[in-house]
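# A closer look at the structure
Letter by letter, the chains look like this.
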Amino acid sequence: MNLIYCILIIILNLALINANQLSINPSELFINGTIEKENCNELKISYESSGNIIGESKWSFTNSREIKDYTIDSQYLGLIEKYPKKIYFKDRDTKTVDICFDGEKPGSYNGILVYKTESGLAGIGIWIHLKLENKIKNKIFILYLTPTLYLFIILILLRINKTSKNL
Amino acid sequence: MKRVVFEYTIVIISFLAILGITLFFSLNLVNAESSSNMTMKVKVDLTGFNSSSTGEISIWVPDSIDLGEVDKTDLVSDEVGIYINNTGGIDIRVTPELKDSEEEIFKYLYFRKQKSTSTNNTDLVSFKKIGDYYLDIDKPMTGKKYRAEHAYMQLNLSDFEGDIKEDVNDYNADIIFIATAR
């Protein structure tokens, strides 16, 4: 009888230990990419209970480690975010999700993506270091276009010159 | 005179055109060189070299916290101890936050690390309001699955300027303990 009682206590304790445990890997995302393109990275999320996990991102002009400094919405910075805002977990489940960002302007962006349990008290914030560069294709296009444009202008000028001489 | 200016313009534009063509071909030559060598790009992700580790972040928090009773004559609740476990592989900072930022009563929640006044470290014993408080928890020691840290919390409505019209039993609000990499 005592043995059964002991086993019951151990099982109950284990259940309590895992009651509200949330895990995410990795703890920081370093995303380097180009503008006007989806730049993605993966997150592995584990939840030891059942329920929804809610995701939300905020941004800051400084590379701070304090959550209260992250108050800016992605729309304000012209960033388009694509990640699951609500994920349902069954008991002790692990899911891999894609976290993608796209932007209009090149630059370095500091953000935090917080996943909170809908019913519990646990939340995890993932630091985001997003670096967006101009499209290389644009640069190449300009380099290709420039000589052609100059040659076109020369031809027009020569044509005008010839016409004025004839007059 | 007009013609001289015109010819000079042509010379300048020709120079720019030659410059552009040179750039164009040099770019192509670089591309051609890299492709003619038949090189193969080797890729590798080098991680974990930043000052902060990017390993798994994981916490365990209690399901609920009961602060007891707050009376009109005694506007301060019990001081309740809470345990939070760092169950991941890196040092973390845990910041309590109200789920509803408009919540009127629970924004008067205060936290501190230690109850005792025996320590000289005033930072540990002085209360900080929710929003300004955080708790640092180191990663678990080798061979251990978690590291526990405790803090104390209290509801202090002394500065509350709102109006509570009637008694409410089990008034509650959601607090989220958000863990981030330190």
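Structure: above.
Keep in mind the model is a prediction, meaning the values are calculated, not measured.

The rules behind each value
- Here the residue numbers are simple positions, counted from 1 along each chain's written sequence.
- Both sets of labels track the order of writing: A upward for chains, 1 upward for ligands.
- Local features in this predicted model are restricted to residues of pLDDT 70 or higher, and side-chain atom pairs are both shown and tallied only at a pLDDT of 80 or more, whereas totals for entire chains, interfaces and linings draw on every residue.
- The basis for the side-chain values is all heavy atoms of the structure; hydrogens and waters are excluded.
- Here a strand is any run of E in DSSP of at least two residues, a helix any run of H or I of at least four, and the numbering for each starts at the N terminus.
- Relative accessibility thresholds used throughout: buried, under 20% of the residue-type maximum; exposed, over 50%; partly exposed, between the two (1.4 Å probe, protein chains only).
- For the area figures, the Shrake-Rupley method with a 1.4 Å probe applies, and any residue is considered shielded solely by the protein chains shown.
- Disulfides are defined in this document as cysteine sulfur pairs within 2.5 Å.
- Working rule for contacts: check all heavy atoms of both residues, and any pair within 4.5 Å makes them a contact.
- The term salt bridge refers to a side-chain nitrogen of Lys or Arg lying within 4 Å of a carboxyl oxygen of Asp or Glu.
- What qualifies as a polar contact is a pair of N or O atoms within 3.5 Å, subject to a donor-acceptor requirement within protein and to the restriction that residues adjacent in sequence count only when both atoms come from side chains.
- The rule for pairing is simple: two strands pair if DSSP sees at least two bridges between them.
- To qualify as a nonpolar core, a set must consist of buried Ala, Val, Leu, Ile, Met, Phe, Trp, Tyr and Cys residues joined through side-chain atoms within 4.5 Å.

## Some details on the overall build of chain B
Counting secondary structure elements, chain B contains two helices and eight strands. Per-residue burial for chain B yields a buried fraction of 32% across its 182 residues. Summed over all atoms, the accessible surface of chain B reaches about 12400 Å², with 52% contributed by carbon and sulfur.

## Details of the state of the cysteines
All names here are of chain A. If you walk through the whole model with that rule in mind, you get one disulfide over all chains. In this model, Cys 40 is linked to Cys 100 through a disulfide, with the two sulfur atoms separated by 2.0 Å. Around the S-S axis, the bridge from Cys 40 to Cys 100 shows a dihedral of about 110 degrees and counts as right-handed. Of this pair, Cys 40 sits in strand S3 (residues 39-47) while Cys 100 sits in strand S7 (residues 93-103), placing them 60 residues apart in sequence. Among the residues examined, Cys 100 registers a relative accessible area of 5% and is labelled buried.

## Section: unusual backbone geometry
Residue and element names in this part refer to chain A. A cis geometry characterises the amide bond from Asn 25 onward to Pro 26, with omega recorded as 0 degrees. Tracing the sequence through the fold places Pro 26 in the loop between strand S1 (21-25) and strand S2 (28-34). The backbone of Arg 92 shows a phi angle near 50 degrees, a positive value even though the residue is not glycine. Along the chain, Arg 92 falls in the loop between strand S6 (86-89) and S7. Note on Arg 92: relative accessible area 52%, which makes it exposed.

## A short note on the interface of chain A and chain B
With 45 residues of chain A at the interface, the matching set in chain B holds 46 residues. Summed over the shared surface of chain A and chain B, the number is two salt bridges. In this structure, the salt-bridge partner of Lys 116 of chain A is Glu 97 of chain B, at a minimum N-O distance of 3.8 Å. Where chain A touches chain B, the interface holds 13 residue pairs in polar contact (both at pLDDT 80 or more). When contributions to the side of chain A that touches chain B are tallied by element, the ones reaching two or more residues are helix H1 (2-17), S1, S2, strand S8 (107-117), strand S9 (122-133) and helix H2 (136-166) of chain A. Both S1 of chain A and strand S1 (residues 57-60) of chain B contribute to a ladder of four bridges, which runs antiparallel. The partner of Ile 24 of chain A across the bridge, within S1 of chain B, is Ile 57 of chain B.

## With respect to the nonpolar core
Leu 43, Trp 59, Ile 99, Tyr 115 and Leu 130 of chain A together with Leu 109 and Phe 177 of chain B are the most contacted members of the largest nonpolar core, which has 66 residues in total. The contacts of Leu 130 of chain A, once residues within four sequence positions are left out, are Ile 31, Trp 59, Leu 79, Phe 101, Gly 107, Ser 108 and Tyr 109 of chain A. Counting residues in each nonpolar core, the second largest holds six residues, with Phe 6, Ile 10, Ile 13 and Ala 17 of chain B among its members.

## A few points about the sheet that holds S3 of chain A
One open sheet holds the nine strands; their spatial order is S5(A)-S7(A)-S3(A)-S1(A)-S1(B)-S2(B)-S7(B)-S4(B)-S5(B), and the pairing between them is antiparallel. Two strands in the sheet have a free side with no partner beyond their single neighbour: strand S5 (79-82) of chain A together with strand S5 (128-129) of chain B. As paired elements, strand S2 (residues 80-86) of chain B and strand S7 (residues 147-155) of chain B share seven bridges and run antiparallel to each other. Paired with Gly 81 of chain B across the two strands is Tyr 152 of chain B, which belongs to S7 of chain B.

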